[in-house]
Amino acid sequence: MYLQSSLTPSQSLARMPVIPAVSAPTRGPSGATVQVEAVLELARWAPSGDNTQPWLFEVLDAEHVVVHGSDTRDHCVYDLDGRPSQMSIGALIETVAIAATAQGLRVSCSRRPDTPDTHPCFDLRFVSDPTVQRDPLVDAIQPRSVQRRPYSTNGLTALQKSMLEASVAPSHTVRWIEGRSAKLAMAVLLFRSARLRLVTPEAYRVHRDVIEWDAQFSADRVPDRALGVNQAMLNLMRFAMHSWERVQFFNRFLAGTWMPRIQMDFLPAWACGAHFALLSRRPPLGVDDSIEAGRAMQRFWLTATHLGLMLQPEMTPLIFARYAREGRAFSASPGAMTAAGEVADRMGRVMGVDAVDRGAFMGRIGHAPAPQSRSLRKDLNVLLRGRSGPA
Ligand SMILES: Cc1cc2nc3c(=O)[nH]c(=O)nc-3n(C[C@H](O)[C@H](O)[C@H](O)COP(=O)(O)O)c2cc1C
């Protein structure tokens with residue numbers, strides 16, 4: 001099911017991000033569950049929106065783990081209907097399946113139908129199978145990360161694109177947005193969409209909570225140095241983010257939304273190999289569709305890492321466009337809905353109208369050095385229910 005490629009791990013890992021040593025679990029697993037806990041130890045490196053890690057693990061025995069999911073829709077404007085959290089849980093489940101191959105285990109997964117969408121639960125069953133082969137993507141799980149700085153403008157090769165397309169088939173297809181004029185149009189789209197991120201108090205509250213300031217690494221948030229802006233901009237942002245009143249002052253009198261948007265959105269959108277959107281067969285309906293999309297997203301991202309490519313998700317246009325399309329108020333800020341409608345229209349023109357409806361995940365991809373700053377993960381003991389983590 002997973003890709004085989006001609007790249008050797010040493011070739012592809014040469015460009016991998018810096019990862020500091022992470023403290024070892026304080027209490028080890030019991031003998032019988034050593035294998036599944038080794039799988040979880042690796043799988044917790046799955047990505048999640050703003051590094052929220054919306055999951056807890058319950059190890060029932062050596063063959064059965066329950067994943068308790070959650071979402072942040074009640075306080076995060078980006079977690080619309082919990083969909084990005086569900087995609088993150090899908091990425092986790094896919095990562096478990098890939099990591100398990102290193103232990104000679106096959107995994108089946110079923111969602112418990114009686115659990116609410118806000119807290120979906122999944123039964124993961126592990127079966128020892130001598131025919132299981134180690135997936136080459138195992139080596140990409142921990143090094144996979146986000147590079148938010150500009151990339152080379154060289155495009156992807158036909159082979160790279162076809163391997164990435166194969167990684168999400170048959171559930172998803174890839175739409176490539178590439179070439180100078182298309183990338184410029186994407187840069188304008190992202191620049192416009194980013195304004196909403198900076199002028200709505202709902203988004204301000206999210207950023208205030210998820211950025212760890214003056215940090216190169218963060219176990220439960222996004223370190224400020226991974227944001228992709230220079231030190232002067234970081235200092236300004238840190239000062240402004242102290243209160244919503246300061247942000248408004250900057251926005252109003254100091255061209256506050258222009259400076260970060262040029263560094264964080266416009267320039268990176270131009271400086272990349274291509275933009276992409278993963279399109280599902282039909283507009284996503286519920287939790288299962290989002291889980292499937294998250295699994296595809298993670299295979300795509302790990303394949304990119306395996307190929308030595310960097311990636312950054314660009315999810316805000318999709319989210320704001322959906323708010324507009326469904327006429328759902330998301331901000332107290334006057335004009336926010338009109339601006340979201342403009343994002344949706346522009347997105348349709350640049351990426352195709354069907355991308356607005358069927359787009360599950362989008363981002364930019366290309367060649368770049370590994371990031372020097374990244375999110376880390378909570379310790380496995382904190383994520384294990386009934387260990388030292390929450391009950
Ligand atoms: C569903 C989803 C949506 C995301 N959206 C964005 C995004 O819009 N912009 C961005 O820069 N990173 C985005 N990310 C990346 C996360 O912030 C990142 O994966 C997380 O902080 C963990 O860091 P790591 O991937 O470097 O391990 C997203 C990740 C996921 C799984």
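Reading the values: the criteria
All residue numbers refer to positions counted from 1 along the written sequence of the respective chain. Note on the predicted model: pLDDT of at least 70 is required for a residue's local features to be given, and 80 or more for side-chain atom pairs to be given and counted; whole-chain, interface and lining totals, by contrast, use all residues. Helix numbering and strand numbering both begin at the N terminus, where a helix is a DSSP run of H or I of at least 4 residues and a strand a DSSP run of E of at least 2. Here the globule rule is a power law, 2.2 Å times the number of residues to the power 0.38, and the radius of gyration is based on C-alpha atoms. The exposure scheme places C-beta atoms from the backbone and then counts, for each residue, the other C-beta atoms within 10 Å of its own, assigning buried at 20 or more, exposed at 12 or fewer, and partly exposed in between. Every residue gets a pLDDT, meaning the predictor's confidence in that residue, from 0 to 100. What counts as a contact is two residues whose backbone-derived C-beta atoms lie within 7 Å of each other. Take the buried Ala, Val, Leu, Ile, Met, Phe, Trp, Tyr and Cys residues, join any whose C-beta atoms are within 7 Å, and the set you get is a nonpolar core. What fixes the domain bounds is an automatic or database domain assignment. DSSP-based pairing: two strands are paired if at least 2 bridges between them are found. Between N-to-C directions, angles span 0 to 180 degrees; the directions come from axes that are lines fitted to C-alpha atoms, helices contributing only their stretch in contact. Using a C-beta atom placed from the backbone, a residue is scored as near a molecule or strand whenever that atom is within 6 Å of it. Roughly parallel means an angle under 35 degrees; roughly antiparallel, over 145; roughly perpendicular, 65 to 115; everything else is oblique. By convention the crossing between two helices is left-handed if the near helix lies anticlockwise of the far one by an angle smaller than a right angle, and right-handed if it lies clockwise. Only Asp, Glu, Lys and Arg are considered charged, only Ala, Val, Leu, Ile, Met, Phe, Trp, Tyr, Cys and Pro nonpolar, and every remaining residue, Gly among them, polar.

Caption draft 1: Geometry of the overall build of the chain. The secondary structure content of the chain amounts to 14 helices and 12 strands. A globule of 391 residues ought to have a C-alpha radius of gyration of about 21 Å, and the chain, at 20 Å, matches this closely. With the C-alpha coordinates of the chain rotated into their principal frame, the extents come out at 60 × 45 × 40 Å. Buried residues in the chain amount to 47% of all 391 residues.

Caption draft 2: Expanded view of the confidence of the model for the chain. This prediction gives the chain a mean pLDDT of 92; 90% of its residues lie at or above 70. The low-confidence segment residues 1-14, where pLDDT is below 50, has 20 contacts with residues more than four positions distant or belonging to other chains. Here residues 23-27 scores under 50 on pLDDT; set against residues more than four positions off or in separate chains, the count is 7 contacts.

Caption draft 3: Fine view of the nonpolar core. Counting residues in each nonpolar core, the largest one holds 100 residues, and the members touching the most others are V96 and L278. Tallying contributions element by element places helix α3 (residues 83-101) first for this core, with 10 residues. Mapped onto the domain boundaries, this core takes at least three residues apiece from domain 1 (9-145) and domain 2 (158-366). Residue contacts for L278: discarding those within four places in its chain leaves V168, H172, V174, A293, A296, M297, F300, A360 and F361.

Caption draft 4: Examining the sheet that holds strand β5 (residues 172-177) more closely. The strand order across the open sheet built from 4 strands is β5-β9-β11-β10, with neighbouring strands paired in antiparallel fashion. The outermost strands of the open sheet, each flanked by one partner alone, are β5 and β10 (310-313). Each neighbouring strand pair of the sheet contributes to a mean axis angle of 30 degrees, computed without reference to strand direction. One ladder, built from 6 bridges, connects strand β9 (residues 274-280) with strand β11 (residues 359-366); its direction is antiparallel. Bridge pairing links L279 to G359 in β11.

Caption draft 5: Summary view of the sheet that holds strand β3 (residues 105-111). In spatial order, the strands read β1-β2-β4-β3; together these 4 strands make up an open sheet with antiparallel pairing. In this open sheet, the two strands that pair with only one neighbour each are β1 (55-61) and β3. Here the strands of the sheet are splayed against their neighbours by 20 degrees on average, with no regard to which way each runs. Bridge count for β3 against strand β4 (residues 121-128) is 7 bridges, and the pairing is antiparallel. The residue of β4 that forms the bridge with S108 is R125.

Caption draft 6: Structural view of helix α11 (residues 316-325). Counting buried residues in α11 gives 8 out of 10 residues, a clear majority hidden from the surface. Every buried residue belonging to α11 is among P317, L318, I319, F320, A321, R322, Y323 and A324, and all of these are buried. For α11, the secondary structure elements touched by its buried residues are α5 (180-199), α12 (336-351), α13 (353-358) and β11.

Caption draft 7: Main features of the site of the ligand. Of all residues adjacent to the ligand, which total 20 residues, the nearest are P47, N51, S145, M315 and S375. Every element with two or more residues in the shell around the ligand is listed here: α3, β10 and β12 (374-375). No other element matches the 4 residues that α3 contributes to the shell around the ligand. Composition of the shell around the ligand by domain shows at least three residues from each of domain 1 (9-145) and domain 2 (158-366).

Caption draft 8: Fine view of the packing of α5 against α11. At a minimum axis separation of 9 Å, α5 and α11 run at an interaxial angle of 70 degrees. The angle between α5 and α11 falls in the class roughly perpendicular. With respect to the hand of their crossing, α5 and α11 are arranged in left-handed fashion. When α5 is examined against α11, the residues L189, L190, S193, A194, L196 and R197 are found in contact with a partner set consisting of T316, P317 and F320. Of the residues that constitute the contact of α5 with α11, the class distribution is 6 nonpolar, 2 polar and 1 charged.

Caption draft 9: Focus on the pairing of β1. Across 6 bridges, the pairing between β1 and strand β2 (residues 64-69) is antiparallel. The residue bridging L56 from the neighbouring strand is H68, located in β2. The hairpin turn running from β1 into β2, its antiparallel successor, is 2 residues long.

Caption draft 10: Layout of the domain arrangement of the chain. Entries for the chain in the domain assignment read domain 1 (9-145) and domain 2 (158-366). The C-alpha centroid of domain 2 is placed 24 Å from the C-alpha centroid of domain 1. Taken residue by residue, the interface counts 31 residues in domain 1 and 34 residues in domain 2. Element by element, the count of residues in the side of domain 1 that touches domain 2 is highest for α3, at 11 residues.

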